[in-house]
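Read off the chains here:
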Amino acid sequence: MSGPLIVLVGPMGVGKSTVGELLAERLGTSYRDTDADVVATTGKPIADIFVDEGEEHFRALERQAVRDALAEHPGVLALGGGAVLDEETRGLLGGRRVVYLSMDVDEAVKRVGLNTARPLLAVNPRRQWRELMDARRHLYEEVAAATVATDERTPEEVAQAVLDATELPERAVQAVPPGRENTRMSEQGTTRIQIAGTAGTDPYEVLVGRQLLGELPGLIGERAKRVAVLHPEALAETGEAVREDLASQGYEAIAIQLPNAEEAKTVEVAAYCWKALGQTGFTRTDVIVGVGGGATTDVAGFVAASWLRGVRWIAVPTTVLAMVDAAVGGKTGINTAEGKNLVGAFHPPAGVLCDLAALDSLPVNDYVSGMAEIIKAGFIADPVILDLVEADPQGARTPAGPHTAELIERSIRVKAEVVSSDLKESGLREILNYGHTLAHAIEKNERYKWRHGAAVSVGMVFAAELGRLAGRLDDATADRHRAVLESVGLPLTYRGDQWPKLLENMKVDKKSRGDLLRFIVLDGIGKPTVLEGPDPAVLLAAYGEVSA
């Protein structure tokens, strides 16, 4: 029987996309998602289809998407959570290699229970989850040739369990069939990581590789007439080169130079950009390209979100920090005197080009700063990252290291999985702020002269000590924070006499609720959770452990 090599079914939030992409890579084939097909066909997020046309209309669209994908797609295919409700679909799945990815109710609520973008799981998620599963579990089991539990497993472990259950050898498909060249790993070694569209946003891809600027015109598209390239002063030559290249391809391209680093993230700079767009006649079909570090992509995204209430933009991050954090997920913003990123918008890009060649000339301190966000991803979700850093700390400090591409790709996948489930930080996405509550307070206290990664490093050590003192985290894992961060040259301490100022700064952090301080802490590696309103004495004691 022709068609997909593997079909993944299971409830929302179980990780079908992440596992599916890993399987496609290891089997040497391509990945496809029928939910993404529906979004691409209709041009609307699934949640909007539910609201505007109703579930019955969505199910009809889903049925056709599944039928087409089963007939056309030769690789790994993931179906939407409710696809098995359709009798015709269940019939089409007969005799195919279908794997049911399962999880229990506690894991489900932890992953998707706070995400209002899930149209069938918006209120009382625990009860509604049980009702959904009571209606669907037997259908998943009916169509599946194998069941793989995902609880307490990393995506890599789940992917291996699927391969074991299906007895498929890795790289079972060596060639991509004609017309299916858009695989997850291209011949040029470009990795494509999909970010699902949620809450009114379109899906997009993060590309990781080298010589990626040739992808820009395809992302910009034919509807755009004008393109504005935003770049920092330090990358003036690069910004102008990108502008010239786009101009040679027929676009009315302008370059807008921004101040370097955090100095770009002000309302005055944003207003300067708005003026330039207005004078150029920028319309809603035109596109902004942000070339630079995290500050540049933050400003580019914010300007794109605010101009004409939202125009498309593309991120071309040139630092480790921007690649693994700022350019992925659509959080854009500027700073004010009262704090960092307090003014902003959620406005995902149309695509992200992470060209690893840009890292070759990055100063070592800037490169190491970005490692803080990579290590953070290891502690909150992917311990393989920690293993890779510990195996070669010196290699992790340089773009020439043996694991550079893998470390960056793994970190992006962690963020991709989270933001695909929670665009607007209503629940799950908060875990990405591990170490950031104190870090942002330090940055403000230093008037943004400290590198972000350095502050996050101290913030993670503080969060680990806070988790330990609160009885949540074991000693070995708390100590591992210090060892891993120190091994790559990141700081572990900050000035002890600054605690009163830092405490005041943290009270206006975006994660706070009223006067209630909230911190992301760990119950263990890969098990982030929220600690609300900790005892002031415990906070002070935890800070004592990072005081210089």
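See the structure printed just above.
Presented here is an overview of the structure given in this document. Since the structure is predicted, the reported quantities are computational estimates derived from the model, not experimental observations. Sequence order as written defines the numbering, with residues in each chain counted from 1. Two thresholds apply to this predicted model, a pLDDT of at least 70 for residue-level local features and 80 or more for giving and counting side-chain atom pairs, whereas whole-chain, interface and lining totals are computed over all residues. Note that water and hydrogens are dropped before the side-chain values are worked out from all heavy atoms of the structure.

This part takes up the overall build of the protein. Numbering of helices and strands runs from the N terminus; a helix is a DSSP stretch of H or I covering at least four residues, while a strand is a stretch of E covering at least two. A tally of helices and strands in the protein yields 22 helices and 16 strands. Across the 548 residues that make up the protein, the buried fraction comes to 56%. To measure how exposed things are, a 1.4 Å probe is used in the Shrake-Rupley method; for residues, cover is taken only from the protein chains shown. Surface accessibility of the protein: about 22,000 Å² in total, with carbon and sulfur atoms responsible for 50%. Residue exposure (1.4 Å probe, protein chains only): buried if accessible area is under 20% of the type maximum, exposed if over 50%, otherwise partly exposed.

Now for the nonpolar core. Definition of nonpolar core: a set of buried residues of the types Ala, Val, Leu, Ile, Met, Phe, Trp, Tyr and Cys, connected through side-chain atoms within 4.5 Å. Residues Val 206, Ile 288, Ile 375, Ile 408, Ile 412, Tyr 434 and Phe 462 are the most contacted members of the largest nonpolar core, which totals 95 residues. In this structure, Leu 22, Leu 27, Ala 78 and Met 103 belong to the second largest nonpolar core, which totals 22 residues.

Before going further, it helps to examine the pairing of strand β16 (residues 528–532). Strands are treated as partners if at least two bridges between them are detected by DSSP. In this structure, strand β15 (residues 518–522) lies alongside β16, joined through five bridges in antiparallel fashion. Residue pairing in the sheet places Ile 520 in a bridge with Val 530 of β16. The antiparallel hairpin formed by β15 and β16 contains five residues in its connecting segment, where Gly 526 sits at a positive phi of about 80°.

As a further point, take empty space enclosed by the protein. Detection works on a 1 Å grid of protein atoms alone, calling trapped sets that fit a 1.4 Å probe cavities and calling open sets with protein on both sides within 12 Å along at least five of seven lines pockets, with lining residues defined by an atom within 4 Å of a point. Grid points are joined across faces, edges and corners, and a volume is the space filled by probe spheres set on the points. Applying the stated rule across the entire model yields six cavities of 30 Å³ or more. What the second largest cavity holds in volume is close to 60 Å³. Val 324, Glu 373, Lys 376, Ala 377, Ile 380, Ser 411, Val 414, Lys 415 and Leu 432 together form the lining of the second largest cavity. Every element with two or more residues in the lining of the second largest cavity is listed here: α14 (364–380) and α17 (404–421). In the scheme used here, Gly and all other residues not listed as nonpolar or charged are polar, with Ala, Val, Leu, Ile, Met, Phe, Trp, Tyr, Cys and Pro taken as nonpolar and Asp, Glu, Lys and Arg as charged. A class-by-class count of the residues in the lining of the second largest cavity yields five nonpolar, one polar and three charged.

Our next topic: the environment of Arg 284. For Arg 284, the position within the fold is in the loop between α11 (267–280) and β10 (287–292). Classification of Arg 284 by relative accessible area gives exposed; the value is 53%. For the pair formed by Arg 284 and Leu 308, sequence separation is 24 residues and the distance between their alpha carbons is 6.6 Å. By the convention used here, residues are in contact when the closest approach between their heavy atoms is within 4.5 Å. Once you skip the residues sitting within four places of it in the chain, Arg 284 turns out to touch Leu 308, Arg 309 and Val 311.

Below, the discussion takes up unusual backbone geometry. When glycine is set aside, most residues are seen to have a negative phi, and most peptide bonds are trans. Even without being a glycine, Gln 211 presents a positive backbone phi close to 55°. Structurally, Gln 211 can be placed in the loop between β7 (204–209) and α9 (216–220). Of note in this structure, Tyr 448 is not a glycine but carries a positive phi near 60°. Tracing the sequence through the fold places Tyr 448 in the loop between α18 (436–445) and α19 (452–469).

Okay, the packing of aromatic side chains next. In this analysis, rings of Phe, Tyr and Trp, with Trp reduced to its six-membered ring, are considered paired at centre separations within 6.5 Å, and the interplanar angle assigns stacked below 30 degrees, edge-to-face beyond 60, and tilted for intermediate values. Here the structure, examined in full by the defined rule, presents seven aromatic pairs. With a centroid separation of 4.8 Å and an interplanar angle of 25°, the aromatic rings of Trp 499 and Tyr 543 are classed as stacked. With Trp 499 in helix α21 (residues 499–506) and Tyr 543 in helix α22 (residues 536–544), this pair connects stretches of sequence that are 44 residues apart. Across the pair, exposure class does not vary: Trp 499 and Tyr 543 are buried alike. Of the aromatic side chains, those joined through ring pairs into one cluster are Phe 462, Trp 499, Phe 519 and Tyr 543.

This part takes up the sheet that holds β10. Spatial ordering of the open sheet is given by β6-β7-β14-β11-β10-β8-β9, a layout of seven strands whose pairing is mixed. Pairing within the sheet leaves two strands with one partner each, and these edge strands are β6 (191–195) and β9 (252–258). Strand-to-strand, the axes of this sheet are offset by a mean angle of 15°, without reference to chain direction. Strand direction decides the pairing type here: β7 and strand β14 (residues 351–355), joined by four bridges, are parallel. Each residue of the ladder has a partner; that of Leu 207, found in β14, is Leu 353. Packed on one face of the sheet, helix α12 (residues 294–306) meets β8 (226–232), β9, β10 and β11 (312–317) and runs near 170° to β10. The convention used is that axes are lines fitted to C-alpha atoms, helices contributing only their stretch in contact, and that angles between N-to-C directions extend from 0 to 180 degrees.

Take the packing of helix α1 (residues 16–27) against helix α8 (residues 155–166) next. Following both chains from N to C, one finds α1 and α8 inclined at 60°, their axes separated by 9 Å at the closest point. It follows that α1 is oblique to α8 by the angle criterion. In this structure, α1 crosses over α8, and the sense of that crossing is right-handed. Taken together, the residues of α8 that come into contact with α1 (itself represented by Thr 18, Val 19, Leu 22, Leu 23, Arg 26 and Leu 27) are Pro 155, Glu 156, Val 158, Ala 159, Gln 160, Val 162 and Leu 163. Among the residues making up the contact of α1 with α8, the classes are represented as nine nonpolar, two polar and two charged. Note on angle classes: values under 35 degrees are labelled roughly parallel, values over 145 roughly antiparallel, values of 65 to 115 roughly perpendicular, and the remainder oblique. Should the near helix be turned anticlockwise from the far one by less than a right angle, the crossing is termed left-handed; should it be turned clockwise, right-handed.

Our next topic: α12. Taking 1.5 Å per residue, 13 residues should reach 18 Å; α12 reaches 18 Å between its end C-alpha atoms and fits that length. In terms of burial, α12 is largely enclosed, as twelve of its 13 residues are buried. Residues of α12 that are buried include every one of Gly 294, Ala 295, Thr 296, Thr 297, Asp 298, Val 299, Ala 300, Gly 301, Phe 302, Val 303, Ala 304 and Ala 305, and no others. Here the expected length of a helix is defined as 1.5 Å per residue gap, with one fewer gap than residues.

Our next topic: the sheet that holds strand β5 (residues 146–149). The sheet built from five strands is open, its strands ordered β2-β3-β1-β4-β5 with parallel pairing. Each having just a single partner strand, β2 (31–33) and β5 make up the two edges of the open sheet. If you compare each strand with its neighbour and ignore which way they point, the axes differ by 25° on average. Across three bridges, the pairing between strand β1 (residues 6–9) and strand β4 (residues 98–102) is parallel. When the bridges of β4 are listed, Leu 8 appears paired with Val 99. Strands β1, β4 and β5 of the sheet are contacted by α8, whose axis makes an angle of about 160° with β5.

Salt bridges are defined as contacts in which a side-chain nitrogen from Lys or Arg sits within 4 Å of a carboxyl oxygen from Asp or Glu. Enumeration according to the criterion identifies 37 salt bridges in this entry. Between Glu 25 and Arg 413 there is a salt bridge whose closest N-O contact spans 3.3 Å. Of the two residues, Glu 25 sits in helix α1 while Arg 413 sits in helix α17, which places them 388 residues apart along the sequence. By relative accessible area, Glu 25 is classed as partly exposed at 23%. When its relative accessible area of 11% is taken as the criterion, Arg 413 is described as buried. A salt bridge links Glu 252 to Arg 226; its shortest N-O distance comes to 3.6 Å.

Mapped onto the elements, Val 98 comes out in strand β4. C-alpha separation for the pair Val 98 and Thr 147, spaced 49 residues apart in sequence, amounts to 8.8 Å. If near-sequence neighbours (up to four positions away) are discounted, Val 98 is found in contact with Val 7, Val 9, Leu 93, Val 143, Ala 144, Ala 145 and Ala 146.

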